[in-house]
Amino acid sequence: QVQLVESGGGLVQAGGSLRLSCTSSERTYGMAWFRQAPGKEREFVAAKNGEQPGYAYAVKGRFTISRDNTKNTVYLQMNSLKSEDTAVYYCAGTGKLLYGDMVMDPRRYDYWGQGTQVTVSS
């Protein structure tokens, strides 16, 4: 069973930055970040499935996803944070090739981390 471990969450002021990390116990093909705010459904944030990254409209231009395959680690650099970015952020992985809108569907992912809290104060 693949295990994903996230780190890097915390409390930051609006306009600040955080970098989340997610390390997998095994190499996975696709990796993504999702988030869930209180009372809301889990939503897609960013994915790195193949060469091209994908981003949710709400974070495009502010967040960057990257991977270090030598470390089985995916990162989420979050800049210009807003209060609406406050949520628990989850790392997800899959051994399948995903494309198009599939990368945004949490049901397509086989492995999940425990989540890390990100709180942005205004």
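Look a little higher up for the structure.
In short, a report on the structure.

Reading guide: rules and limits
Residues numbered from 1 in each chain as written. Predicted model: local features only at pLDDT ≥ 70, side-chain atom pairs only at ≥ 80, totals over all residues. Heavy atoms only, no water. Helix = DSSP H or I, 4+ residues; strand = E, 2+ residues; numbered from the N terminus. Buried < 20%, exposed > 50% of the residue type's maximum accessible area, 1.4 Å probe, protein only. Contact = heavy atoms within 4.5 Å. Areas by Shrake-Rupley, 256 points an atom, 1.4 Å probe, with all protein chains shown as cover. Lys, Arg positive; Asp, Glu negative; His and termini not counted. Charge placed at Lys NZ, Arg CZ, Asp CG, Glu CD. Polar contact = N/O pair within 3.5 Å; in protein donor to acceptor, adjacent residues only side chain to side chain. Salt bridge = Lys/Arg side-chain N within 4 Å of Asp/Glu carboxyl O. Core = buried A, V, L, I, M, F, W, Y, C linked by side-chain atoms within 4.5 Å. Phe/Tyr/Trp six-rings, centres within 6.5 Å; stacked < 30°, edge-to-face > 60°. Lys NZ or Arg CZ within 6 Å of the ring centre and 35° of its normal.

It is worth spelling out the overall build of the protein chain at this point. Looking only at helices and strands, the protein chain has zero helices and eleven strands in total. In sequence order, the protein chain lays out its α and β elements as β-β-β-β-β-β-β-β-β-β-β. When the backbone C-alpha atoms are referred to their principal axes, the protein chain occupies close to 40 × 25 × 25 Å. In the protein chain, which comprises 122 residues, the share counted as buried stands at 44%. The contacts in the protein chain between residues at least 6 apart in sequence include a share of 59% that link residues at least 24 apart. When the accessible surface of the protein chain is summed, it comes to about 6600 Å², and 47% of that surface belongs to carbon and sulfur atoms. Counting 14 positive and 11 negative side-chain charges, the protein chain places the averaged centre of each group 3 Å from the other.

Here the focus is the side chain of D85. Along the chain, the position of D85 falls in the loop between β8 (73-78) and β9 (87-94). Residue classification places D85 among the buried residues on the basis of a relative accessible area of 1%. A distance of 2.8 Å separates a polar atom in the side chain of D85 from a polar atom in the side chain of R62. Excluding residues that lie within four positions of it along the chain, D85 makes contacts with R35, R62, F63, S80, V118 and V120.

To continue, consider the pattern of salt bridges. Applying the stated criterion across every chain yields a total of six salt bridges. Between D105 and R108 there is a salt bridge; the shortest N-O distance is 3.9 Å. The exposure class of D105 is buried, given its relative accessible area of 15%. Note on R108: relative accessible area 37%, which makes it partly exposed. One network of salt bridges, in which partners are shared, links R35, E43, R62 and D85.

Here we come to the nonpolar core. Ranked by internal contacts, the top residues of the largest apolar core, which has 33 residues, are W33, V45, F63, L76, M78, Y89 and Y109. Contributions of two or more residues to this core are made by β3 (18-24), β4 (30-36), β5 (43-49), β7 (63-68), β8, β9 and β11 (116-121). Discounting residues that sit within four places of it in the chain, V45 has contacts with W33, F34, R35, G54, Y55, A56, V59, F63, L76 and Y89.

Let us now look at the packing of aromatic side chains. Summed over all chains, the structure comprises four aromatic pairs. With centroids separated by 5.4 Å and ring planes inclined at 75 degrees, the aromatic side chains of F34 and Y109 adopt a geometry described as edge-to-face. In this pair, F34 is assigned in strand β4 and Y109 in the loop between β9 and β10 (111-112), connecting sequence segments 75 residues apart. As far as the burial class goes, F34 and Y109 line up, both buried. For the ring pair Y109 and W112, a centre distance of 6.3 Å and an interplane angle of 70 degrees mean the geometry is edge-to-face. W112 sits in the partly exposed class, given a relative accessible area of 28%. Through pairs of rings, three or more aromatic residues link up here, namely F34, F44, Y109 and W112. Over the ring of Y90 we find R42; its NZ or CZ atom is 3.8 Å from the centre of that ring. The ring of W112 is capped by R42, whose NZ or CZ atom sits 4.8 Å from the centre of that ring.

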